[in-house]
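Breakdown of the fold
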There are 2 protein chains.
Amino acid sequence: MENEKIVERLALLRDKMQQNGIDFYMIPTADFHNSEYVDKHFKVREFFSNFSGSNGTLIVGKKETGLWTDGRYFIQAENELRGTGISLFRMNEDGVPTIIEYLETEMQAGDTLGFDGRVADCNFGKKLEEKLGQKGAFIKYGMDLAEGIWVDRPTLPCHEVFILPEDICGQTCEEKLEKVREKMREKNASYFLLSKLDDLMWLFNIRGMDVTCNPVALSYGFVTRKECFFFLQQGAVTEAFRQYCEKYNIILKDYHEITKFLKEYSYEGAVLYDAAHLNYALYSTVSEKAQMINAANPTEALKAVKNEVELQNMREVFLRDNVIVTKFIYWLKKNIGKTPLNEYTAAMKLDSMRRQAEGFLDLSFETIAGYKENAAMMHYEATKENNKQLEPEGMLLVDSGGQYLGGTTDITRTIVLGEISEEMKQHFCAVAAGMLRLTNANFLYGCTGRNLDILARGPVWELNMDYKCGTGHGVGYILNVHEGPQNIRWKFVEGQKECALEEGMIVTNEPGVYREGSHGIRTENVLLVRKGEKNGDGQFMHFETLTFVPIDRAALDQKYLTKTDIKLINNYHKEVYRRIAPYLTEEEKEWLKAETMPI
Amino acid sequence: MENEKIVERLALLRDKMQQNGIDFYMIPTADFHNSEYVDKHFKVREFFSNFSGSNGTLIVGKKETGLWTDGRYFIQAENELRGTGISLFRMNEDGVPTIIEYLETEMQAGDTLGFDGRVADCNFGKKLEEKLGQKGAFIKYGMDLAEGIWVDRPTLPCHEVFILPEDICGQTCEEKLEKVREKMREKNASYFLLSKLDDLMWLFNIRGMDVTCNPVALSYGFVTRKECFFFLQQGAVTEAFRQYCEKYNIILKDYHEITKFLKEYSYEGAVLYDAAHLNYALYSTVSEKAQMINAANPTEALKAVKNEVELQNMREVFLRDNVIVTKFIYWLKKNIGKTPLNEYTAAMKLDSMRRQAEGFLDLSFETIAGYKENAAMMHYEATKENNKQLEPEGMLLVDSGGQYLGGTTDITRTIVLGEISEEMKQHFCAVAAGMLRLTNANFLYGCTGRNLDILARGPVWELNMDYKCGTGHGVGYILNVHEGPQNIRWKFVEGQKECALEEGMIVTNEPGVYREGSHGIRTENVLLVRKGEKNGDGQFMHFETLTFVPIDRAALDQKYLTKTDIKLINNYHKEVYRRIAPYLTEEEKEWLKAETMPI
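Residues numbered from 1 in each chain as written. Chains lettered and ligands numbered in written order. Predicted model: local features only at pLDDT ≥ 70, side-chain atom pairs only at ≥ 80, totals over all residues.

**So, the environment of L218(A)**
Residues and elements named next belong to chain A. Residue placement: L218 occurs in the loop between β9 (206-207) and β10 (219-224). Residue classification places L218 among the buried positions, given that 26 C-beta atoms sit within 10 Å. Once the C-alpha coordinates of L218 and D537 are considered, the two residues, 319 residues apart in sequence, prove to be 47 Å apart. Contacts of L218, omitting those with residues within four sequence positions, involve L156, P157, L197, D210, Q233 and Y255. (Helix = DSSP H or I, 4+ residues; strand = E, 2+ residues; numbered from the N terminus. Buried ≥ 20, exposed ≤ 12 C-beta atoms within 10 Å, placed from the backbone. Contact = placed C-beta atoms within 7 Å.)

What follows is the structure, given as structure tokens:
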């Protein structure tokens, strides 16, 4: 059995813990930059637990080993942890302790918690420090116990960076640095330590390939009022980039020198940093020497508001991507029941169609193709070895996206392959209605995602159901498919900042219904925030849709939709046909015509 | 001209300021308890400005006198300030400084700001202290400069308190005190200083009559872990209440002794207080002697969740009140164009109908009857001298409520008196649709008003309009018509706490459209928060409606409503007829039948 290996590895880890005087060992899921996706090199938690979801923390304690993950992964984690002896802690469920609460309860005075401080964000590290300190417990953050156990561990990824042309960026890195320095002045910061990779790429108008699906290079930035230091692996530096740095007065340093540099630097003012993204080890290095100002990276909000050049490129890229997904749906419907297909081969087909597109760089995340009950696992990923055969019945959920020179896409459609139940139709209609109600919102400037979430979620709540995630997230520009600070969520978290939706921001709109053991439905479009009328009552805002791909007619039934929702669907489909048809073959066009007819 | 008096009074005030070394004098609108409505005795700001709205702060500066008020009162303030030379500062509008920003700009180092610290809340006082301190300016908070100028000032109100029977309260004051002490223990507080009048009435199960429309008595409470002191004016104490205090071990003290008592008390622990409600003078007294814990009064959240006895009484009281308002609408429609009527006489008629009702104690606020463009002033109040004649055309907005032995009501209907424009119908329909969409929401536990506001406001936003106030507020039980902590609002305020809607909470639902110079529409029902289905996705919540009064059919037009909204209206009207008809005359019943027919 596969998971016997896990049991062995955990035994080795416990030995090593004992040798190092460590009673509890924590393995978060992060690289040194708290990136969302992490390279193979950093998949220590998966190595020790077999759980492959994107979010999870493993705690190896004296008696118990626990894995914490969120609602998207409950079902997947249950499956993957089977036979490992690891207990699953379902985050945010009633009665389930948080990691810190768990450690506070389980650890005794004198106990030591170990973790690699480079892969823990400093907010979390500081909180651990405080809480465990109160208990009389200790922290050792300077070691990575996977060393020596994980013998065939992949090396740190390192790819050459490439410089984005100006007609792709719409703004030089000089202009961006000036805006960043303006924010530094506002915050009375003399220095800005930036370790968030997508922010670094945005700032310098470059891209890399060091993180799966995220076109980023492992790097750090240190911006002073006059200078700008950029830390990059030697192997990532090209001659062109060296010249580019000279042109813009960027001082190039070796990635691995960052700690030494920050230790030796003569600080004459405060350092701006973002506790949510800087790692705990690096934070500890600087905070010993300089005053620290914790604030959101100023690059975050600047990056989130796309400029006109970026927006125009995105519209073109989305159109290209919409055509591909529409053609894929046609292909799937045509072949189902005729050609043997499974979740994996279907995903491969879609990926290969994208790979042929103009300007394609990479997928923006691994394509999710979940058939029937597998779609209820929100971020299920079929593999070559482990997948479900597709039949001419039920529904296939496909969530996918691409990185193009000109934008990042993200789309989900749930495709009907044959007969489906009335309950499924009802759920499908609620999701479609919610998605389009949010799309068509008209709202005053100042609204944050919390004001709007109920528009998408309401029809699902009407059925006494919920989806255990936000409705939407920001999307990067040739960057991470998930980016902040904007989002569409409903939950109130005390003290949490919220971000007003600004013109030029991009958000996804992806309500869903997930029925464990039965089906999963998600329909996801990407929206651009636009200004509308301004009058005495204020600045009104609305969305421009970037995604035009049919919503499966076979699951839409008038009896589960209000007249208003039917009108929204029909209008949307009319627009889908108008925009996409010109790029289709006659056969495809005929099919799309029927698919987008008024219901 | 009326406002010459104001000019004279301000001149006298400036003289007095000079005598007292005061450069800027601030007159907030509050009693010693920061009550929403204040007795005549406390209307110093109105005395010096003629502005009679419920919210306003006057600043008399070296050169300029300014009045700050909120969006509800902009139009009214413009009218009332005419000829006074006072500048209007429209709060929350772009470019308008807050009071503190204004003082920071206008005051020089060495300048002194004077105000009566008993009528300023301590949060605001502390902030002033900090901000003006940074400027090198001073504060004098120990004087009320109205003394000597306002010669015929009414004395402090003082009425006997009455004890509520247990079948009205559903809980003894002993039980309530125990819950309060539990919250004190949670906060590590040894003492709890309570100065919020409605919380005091709730805690001791008594009511008073010292504040217009709020059945409260001027009082203070000081709760220790074992003792409970209650400060009440001598004239308010009855023999029955003296015995009641003995029975429950409440130590009675004179209201005017509070400062002396708090000054002399031997504190052996921290004092819990609510900075939003304690006055600055009293706060300063205690904070000199004891450690202070600033938190919401624990009574607030306890009071907001009504118990089953209270809810049953409220349902009965609302039914009684609904019948009265329905009969009033009938009467108005029958008499319009036949009997001379104006805003004031119409309001008087409604008030007199309420006064005859079983268990009637008082109005819950002064009835607002605004005809045509007057209704655009959100809290306009017609008077005997100053009112508009009603004609068989346009709309009359009536916002009113009663205090009954068994509950507090609040309802608005906008009544069509004759011909109205298509635009008015469209606005009326948007308001009705919004009100009923919020009413029919199904949502997960944890939602706060910010999640739900858009349901009511959305249809108004659709028309690129807004109403410059929240959608709803909490309602007291035989207490203040506005109470917290729950509300329905959309705006994000950083650091602001939000309150999840708990079963048993009461909120109003009152979207509106206000067109300056033309018309005002508001439709307000009162809702009770109820638990719905609980399943794996969480605890679902919904509202039970307490208000059943027809929404004027003459302004409802299918062409401005979605099919779904039409269904909501028809269902609501069916229920109005079912509940109200049994209490009407045959003639009224026939009319209501027609008024509640499906549209």
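**Observations regarding the sheet that holds strand β2 (residues 57-60) of chain A**
Residues and elements named next belong to chain A. Strand order in this open sheet of six strands is β4-β3-β2-β1-β5-β6, and the pairing throughout is mixed. Looking at strand neighbours, the two that pair on one side only are β4 (87-90) and β6 (138-140), the edges of this open sheet. Sheet twist, expressed as the average angle between the axes of neighbouring strands with direction ignored, equals 20°. Bridging between strand β5 (residues 112-114) and β6 involves three bridges; their strand directions are parallel. Across the sheet, residue G114 finds its bridge partner in β6, namely K140. (Pairing = 2+ DSSP bridges. Axes fitted to C-alpha atoms, helices over the stretch in contact; angles between N-to-C directions.)

**Things to note about the pairing of strand β8 (residues 191-194) of chain B**
It is a general feature of regular strands that their side chains alternate between the two faces of the sheet. Residue and element names in this part refer to chain B. Neither face of β8 is exposed, since Y191 and L193 on one face and F192 and L194 on the opposite face are all buried. Direction of pairing for β8 relative to strand β10 (residues 219-224): antiparallel, over a ladder of four bridges. For Y191, the partnering residue across the bridge sits in β10 and is T224. By the bridge criterion, two bridges tie β8 to strand β13 (residues 271-273) in an arrangement that is parallel. Note on β13: the bridge partner recorded for Y191 is V271.

**A look at the relation of the copies chain A and chain B**
Turning chain A through 180° and shifting it by 0.0 Å along the axis lays it on chain B, with an RMSD of 0.0 Å. Classification of the inter-copy transformation places it as that of a two-fold axis. In this assembly, 100% of the residues forming the interface of chain A have copies in chain B that are likewise at the interface, indicating an isologous arrangement. (Least-squares fit on C-alpha atoms with pLDDT ≥ 70 in both.)

**A few points about the packing of helix α15 (residues 422-439) of chain A against helix α16 (residues 449-462) of chain A**
All names here are of chain A. Where α15 contacts α16, the axes come no closer than 8 Å and their chain directions differ by 165°. With respect to α16, the axis of α15 lies roughly antiparallel. Here α15 and α16 pass one another in a crossing that is right-handed. Between α15 and α16, the contacting residues are A430, V431, A433, G434, M435, R437 and L438 on the first element and L452, L455, A456, R457, G458, P459, V460 and E462 on the second. (Parallel < 35°, antiparallel > 145°, perpendicular 65-115°, else oblique. Left-handed = near helix turned anticlockwise from the far one by under 90°.)

**Observations regarding the interface of chain A and chain B**
In this complex, chain A contributes 31 residues to the contact, which on the side of chain B involves 31 residues. Listing elements by their share of the side of chain A that touches chain B, those giving two or more residues are β21 (443-444), α16, β27 (525-535), β28 (538-545) and α17 (563-580) of chain A. With eight residues, α16(A) is the largest single contributor of residues to the side of chain A that touches chain B. Classifying every residue of the side of chain A that touches chain B by side-chain character gives 11 nonpolar, nine polar and 11 charged. (Nonpolar A, V, L, I, M, F, W, Y, C, P; charged D, E, K, R; others polar.)

**Details of the environment of F241(B)**
Residue and element names in this part refer to chain B. Among the secondary structure elements, F241 is positioned in helix α9 (residues 239-247). Distance in space between the C-alpha atoms of F241 and I163 is 7.0 Å, their sequence separation being 78 residues. In this view, F241 contacts V161, I163 and I206; residues no more than four positions away in its chain are not counted.

**Quick word on helix α1 (residues 4-19) of chain B**
Because an α-helix packs 3.6 residues into every turn, residues spaced three or four apart end up facing the same way. Residues and elements named next belong to chain B. Between its terminal C-alpha atoms α1 stretches 23 Å, which fits the 22 Å expected from 16 residues at 1.5 Å a residue. By the burial criterion, the buried members of α1 are I6, L10 and L13. All buried residues of α1 fall inside an arc of 60° around its axis, so they share one side. Residues E4, E8, A11, D15, Q18 and Q19 are exposed on α1 and point more than 90 degrees away from its buried face. Against β1 (24-27), α2 (44-49), β2 (57-60) and β3 (65-69) lie the buried residues of α1. (Expected span 1.5 Å × (residues − 1). Arc of directions from axis to C-beta.)

**Here's the deal with the pairing of strand β27 (residues 525-535) of chain B**
Residues and elements named next belong to chain B. By the bridge criterion, four bridges tie strand β24 (residues 506-509) to β27 in an arrangement that is antiparallel. Counterpart to N509 in the pairing with β27 is N525. Connecting β27 to the antiparallel partner strand β28 (residues 538-545) that follows it, the hairpin turn spans two residues.

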